[in-house]
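Coordinate analysis (summary)
Next come the chains, spelled out residue by residue.
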Amino acid sequence: MTASPRGPSRPALLLFAVGVAILLVPICNRLVPEDSAFHLEDRFVPLFGKYLAYAVLAVSLDLVWGRAGILSLGHGAFFALGGYAMGMYLMRQIGPRGVYAHPILPDFMVFLNWQELPWYWYGFDRFWFAMFMVVVVPGTLAFLFGWLAFRSRVSGVYLSIITQALTFALMLAFFRNEMGFGGNNGLTDFKDILGFPIASPDTRLALYLATGALLLLALAVAIQLRRAPLGRLLVAIRDGEARARFLGHDTLRAKLFVWTLSAVLAGLAGALYVPQVGIINPSEFSPAASIEIAIWVAVGGRDTVLGPVLGALLVNGMKTWLTGTLPELWLFVLGGLFVLVTLAFPGGLAGIAGTFAHRIGRTPRPGTAGLAPSPAEVARG
Amino acid sequence: MAEHAPAAGRLLDPHILLYLDGVTVSFDGFKALDSLSLVLEEGELRTVIGPNGAGKTTMMDVITGKTRPDAGVVLFKGGVDLLRLDETGIARLGIGRKFQRPAVFDRLTVQENLELATQGGWSVRRLIAGRLDAQSAERIEHTLETIGLAELRHEEAGRLAHGQRQWLEIGMLLVQQPRLVLLDEPVAGMSDAETAKTAELILRLKGRHTILVVEHDMHFVRTLGAKVTVLHEGKVLAEGPVEAIQSDPAVVEVYLGRS
């Protein structure tokens with residue numbers, strides 16, 4: 001394979017830049033003196049940690065949507081399943097410190113008069129087991145779902161609809177108290193993680209840094225995938241799956257691989273999200289939550305390395321600000337933003353940056369130049 | 001029902017690559033192919049012409065397994081019965097077809113398109129970590145020269161001119177080392193200059209590959225100067241060197257007379 005004419009150090013530089021940006025939060029929180037304007041209060045650290053978890057989720061959706069053209073409107077399901085697996089571990093860590101002080105059963109089970117722990121809660125008192133399930137549960141669900149859908153050659157808008165149905169069905173199931181996941185209250189009142197108090201500034205900073213590390217890992221995976229022959233095959237599948245098949249490629253396997261990988265990344269993001277926001281409940285499975293992820297990616301720029309990260313940060317930053325100041329306006333702004341980006345800036349933020357770089361005479365970033373899908377294409381997914 | 005002739009295999013001359021005999025295809029009573037017979041030798045360049053509806057595309061469809069004939073024999077080198085194979089099986093035998101509509105990937109570069117064509121059948125693991133073997137890399141280099149796109153290797157296919165896209169697609173067939181190349185109207189929609197370059201390209205491939213070209217641009221067929229088969233109403237009307245065909249009164253009557 002010929003080396004990219006742009007040189008091999010570019011991805012390393014990009015990851016380095018993102019790493020430095022991630023470190024701004026701990027620097028402003030710990031090193032900048034408290035009376036400085038740049039000092040970041042402790043209470044904002046988990047907020048930025050949440051944004052980074054969303055950024056990982058956006059990168060994971062872009063792997064399947066931007067690269068392979070599979071528009072999932074149910075990625076929130078994989079995120080929430082990873083989150084629930086982590087939440088189950090955190091619940092088991094509470095132990096006898098719950099309101100009802102039961103040595104084993106979480107409060108909501110005592111409240112429901114349950115006498116013993118359901119079998120599927122076994123093992124979650126161990127961190128390694130919970131982490132294993134964070135990967136295995138979303139991964140297995142994605143694999144089975146993908147295998148059934150891709151084997152039957154379900155694609156385009158039909159696939160998007162069944163991903164919505166998947167997350168909606170899970171939401172209804174998790175709302176039921178009998179499921180044993182805390183019903184509509186979900187899992188909350190966490191005390192500690194790996195023995196460290198979950199609300200202490202040090203633990204929160206550590207969780208933030210772990211999420212930052214996961215984001216760097218997700219970006220490294222995305223970069224490597226784009227450079228590998230598989231990345232080209234995924235583009236080929238996106239733009240003409242039948243033709244790729246005609247060249248002798250097993251498109252089912254390629255799609256299934258990237259789909260499962262993406263779900264695992266989403267699950268890991270969910271697992272780091274939960275200890276930082278302190279709760280996981282069925283609203284994470286809501287179809288609207290999954291659609292929002294697609295909006296982050298569209299706003300940031302599909303099939304670009306940094307676009308999904310920028311989109312997730314910008315949209316969620318706006319959301320935090322607007323739902324605080326003008327809550328009734330937020331949904332209009334979100335909808336308007338999506339329409340504006342789709343019609344006027346189909347390449348998203350990264351596309352605008354690429355065009356700008358081009359105008360001032362520099363080479364556009366790879367992947368952004370010429371990436372201007374028509375609105376119809378966006379709608380089609 | 002198709003008349004499978006297992007005995008025909010041993011009658012097949014080793015120089016013969018493709019053998020069609022008595023192939024009949026009817027669509028709702030209309031005979032698209034009517035007892036068509038065609039023999040193609042290894043290394044041969046053959047052009048097939050005929051007016052619209054003569055059965056040229058149906059013949060391609062039968063060879064590639066897209067259409068099943070109602071009757072007849074279709075054998076490949078070594079007596080392989082193509083009627084027993086599906087499209088994938090036939091493609092794996094080494095029969096490559098270029099469709100009329102270009103099937104290159106616009107968002108990939110010329111080189112990436114060619115690489116993708118050689119990577120068919122790669123496992124996901126190999127697609128992630130694998131590299132092209134030296135042989136394939138060399139074949140791609142060679143093909144880039146042959147199709148005249150070596151300078152444009154890093155250009156996105158979507159930015160190529162119509163003719164260049166067609167050449168790229170021919171290149172994507174060539175890197176797969178097909179034993180038989182089927183070209184369906186390769187110069188449709190091309191400018192005169194592009195048509196001339198395409199003729200040059202096909203003539204360069206002559207001898208190295210067995211090529212069957214379906215075309216109705218008579219000037220192009222004359223430039224190729226190969227053996228010509230004239231189809232008319234699903235049957236072979238005439239066959240021979242291009243000069244003889246042009247002066248054949250029957251051909252002039254049904255086809256050339258009008259151009």
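Residues numbered from 1 in each chain as written. Chains lettered and ligands numbered in written order. Predicted model: local features only at pLDDT ≥ 70, side-chain atom pairs only at ≥ 80, totals over all residues. Heavy atoms only, no water.

The next thing to look at is the overall build of chain A. Scanning chain A from N- to C-terminus turns up 14 helices and four strands. In terms of C-alpha radius of gyration, chain A reaches 21 Å, essentially the compact-globule figure of 21 Å for 381 residues. Based on the C-alpha atoms only, the size of chain A along its principal axes is roughly 65 × 60 × 45 Å. Buried positions account for 51% of the 381 residues belonging to chain A. The long-range share in chain A, meaning contacts at least 24 apart out of those at least 6 apart in sequence, stands at 77%. Approximately 17,000 Å² of chain A is accessible, and the part contributed by carbon and sulfur atoms is 68%. Of the charged side chains in chain A, 28 are positive and 20 negative, and the gap between their average positions amounts to 13 Å. (Helix = DSSP H or I, 4+ residues; strand = E, 2+ residues; numbered from the N terminus. Rg over C-alpha atoms; globule rule 2.2 N^0.38 Å. Buried < 20%, exposed > 50% of the residue type's maximum accessible area, 1.4 Å probe, protein only. Contact = heavy atoms within 4.5 Å. Areas by Shrake-Rupley, 256 points an atom, 1.4 Å probe, with all protein chains shown as cover. Lys, Arg positive; Asp, Glu negative; His and termini not counted. Charge placed at Lys NZ, Arg CZ, Asp CG, Glu CD.)

The next subject is a nonpolar patch on the surface. All names here are of chain A. Taken together, Leu-23, Ile-27, Leu-31 and Leu-209 make up a surface patch of nonpolar side chains, about 360 Å² in accessible area. For the nonpolar patch, the leading source of residues is helix α1 (residues 10–31), giving three residues. Here Leu-23 is to be found in helix α1. (Patch = residues over 30% accessible without salt bridge, like charges linked within 9 Å, V, L, I, M, F, W, Y side chains within 5 Å. Salt bridge = Lys/Arg side-chain N within 4 Å of Asp/Glu carboxyl O.)

Of all residues in chain B, 93% attain a pLDDT of 70 or more, and the chain-wide mean is 88. Note that residues 1–7 of chain B has pLDDT below 50 and, in this model, 12 contacts with residues that lie over four places away or in other chains. (pLDDT = per-residue confidence, 0-100.)

Counting residues in hydrophobic clusters, the biggest one holds 145 residues, and the most contacted among them are Trp-121, Leu-187, Leu-215 and Phe-285 of chain A together with Leu-168 of chain B. Aside from chain neighbours lying at most four places away, what touches Leu-215 of chain A is Val-18, Ile-22, Leu-52, Ala-55, Val-56, Val-59 and Val-309 of chain A. Among the nonpolar cores identified, the runner-up in size contains 27 residues, and Leu-17, Ile-63, Leu-93 and Val-214 of chain B belong to it. (Core = buried A, V, L, I, M, F, W, Y, C linked by side-chain atoms within 4.5 Å.)

Once rolled over the atoms, a probe with the size of a water molecule shows which space is left empty. By volume, the second largest pocket amounts to about 1,200 Å³. Considering the residues around the second largest pocket, the lining is formed by 39 residues, among which Arg-245, Phe-246, Leu-247 and Gly-248 of chain A together with Ala-91 of chain B are closest to the centre. Where the lining of the second largest pocket is concerned, the elements lending two or more residues are α8 (229–246) of chain A together with α3 (87–93), β6 (95–98), α4 (110–118), α6 (134–146) and α7 (162–174) of chain B. By residue number, the principal contributor to the lining of the second largest pocket is α3 of chain B, which donates five residues. Classifying every residue of the lining of the second largest pocket by side-chain character gives 15 nonpolar, 12 polar and 12 charged. (1 Å grid on protein atoms, 1.4 Å probe; cavity = no way out; pocket = protein on both sides within 12 Å on 5 of 7 lines; lining within 4 Å. Points joined across faces, edges and corners; volume = space filled by probe spheres on them. Nonpolar A, V, L, I, M, F, W, Y, C, P; charged D, E, K, R; others polar.)

The next point concerns helix α2 (residues 45–67) of chain A. Residue and element names in this part refer to chain A. Here α2 contains 23 residues, and its C-alpha end-to-end distance of 32 Å stays within 8% of the 33 Å for a straight helix at 1.5 Å per residue. Where α2 bends most, the angle comes to about 35°, and this point is Leu-61. Here α2 lies mainly inside the structure; 20 of its 23 residues are buried. Looking at the residues trailing α2, positive phi occurs at Gly-69, about 75°. (Expected span 1.5 Å × (residues − 1). Bend = angle between axes of the 7 residues up to and from the residue.)

Most of helix α2 (residues 56–63) of chain B sits out of view: seven of its eight residues are buried. Once α2 of chain B finishes, Gly-65 of chain B follows within two positions and takes phi at roughly 85°, a positive value.

Another point: unusual backbone geometry. All names here are of chain B. Positive phi is not limited to glycine here, since Ser-35 has a value of about 55°. According to the relative accessible area criterion, Ser-35 is partly exposed, its value standing at 44%. Positive phi values are uncommon outside glycine, yet Glu-185 reaches one of about 45°. With respect to the secondary-structure elements, Glu-185 resides in the loop between β7 (180–184) and α8 (192–205). With relative accessibility at 11%, the residue Glu-185 sits in the buried group.

On to the side chain of Thr-304 of chain A, then. Residue and element names in this part refer to chain A. Within the secondary structure, Thr-304 is located in the loop between α10 (287–300) and α11 (307–325). Within the local environment of Thr-304, its side chain forms a polar contact with the backbone oxygen of Gly-301, the two atoms lying 2.8 Å apart. Within polar-contact distance, the side chain of Thr-304 engages the backbone nitrogen of Gly-307 at 3.1 Å. (Polar contact = N/O pair within 3.5 Å; in protein donor to acceptor, adjacent residues only side chain to side chain.)

On to empty space enclosed by the protein, then. Residues and elements named next belong to chain A. Using the criterion set out here, one finds three cavities of 30 Å³ or more in the structure. Approximately 70 Å³ is the volume found for the largest cavity. If you tally residues by element for the lining of the largest cavity, the top one is α2, at four residues. Taken together, the residues that form the lining of the largest cavity break down as five nonpolar, one polar and four charged.

What follows is about the packing of α7 of chain B against α8 of chain B. Residue and element names in this part refer to chain B. With their axes 10 Å apart at the nearest point, α7 and α8 run at an angle of 15° to one another. Between α7 and α8, the angle falls in the class roughly parallel. By crossing handedness, the relation of α7 to α8 is classed as right-handed. Every residue of α8 that contacts α7 at His-162, Gly-163, Trp-167, Ile-170 and Leu-174 is listed here: Glu-194, Lys-197, Thr-198, Leu-201 and Leu-205. Residue composition of the contact of α7 with α8, grouped by class: five nonpolar, three polar and two charged. (Axes fitted to C-alpha atoms, helices over the stretch in contact; angles between N-to-C directions. Parallel < 35°, antiparallel > 145°, perpendicular 65-115°, else oblique. Left-handed = near helix turned anticlockwise from the far one by under 90°.)

This part covers the interface of chain B and chain A. Taken residue by residue, the interface counts 27 residues in chain B and 25 residues in chain A. With both chains or domains summed, chain B and chain A bury close to 2,400 Å², and 62% of this area falls on carbon and sulfur atoms. When the buried area of chain B at its contact with chain A is split by residue, Phe-105, Arg-107 and Leu-127 of chain B rank highest and sum to 27% of it. Taken together, chain B and chain A are joined by two salt bridges. In this structure, the salt-bridge partner of Glu-112 of chain B is Arg-232 of chain A, at a minimum N-O distance of 3.5 Å. Inspection of the chain B/chain A interface yields six residue pairs in polar contact (both at pLDDT 80 or more). (Buried area = accessible area lost by both parts, 1.4 Å probe.)

Oppositely charged side chains may form a pair once their charged atoms are brought near each other. Enumeration over the complete set of coordinates arrives at 25 salt bridges over all chains. Note that Lys-319 of chain A and Glu-292 of chain A form a salt bridge whose closest N and O atoms lie 3.2 Å from each other. Of the two residues, Lys-319 of chain A is situated in helix α11 and Glu-292 of chain A in helix α10; the sequence distance between them amounts to 27 residues. For Lys-319 of chain A, a relative accessible area of 27% gives the class partly exposed. Residue Glu-292 of chain A is classed as buried on the basis of its relative accessible area of 13%. Linking Glu-239 of chain B and Arg-46 of chain B is a salt bridge whose minimum nitrogen-to-oxygen distance equals 3.2 Å. Here Glu-239 of chain B is found in strand β10 (residues 235–241), whereas its partner Arg-46 of chain B is found in strand β3 (residues 45–49), with 193 residues between them in sequence. Among the residues examined, Glu-239 of chain B registers a relative accessible area of 39% and is labelled partly exposed. Since its relative accessible area comes to 0%, Arg-46 of chain B is described here as buried. Linked through salt bridges whose partners overlap, the residues forming this network are Arg-67, Arg-226, Arg-238, Asp-239 and Asp-303 of chain A.

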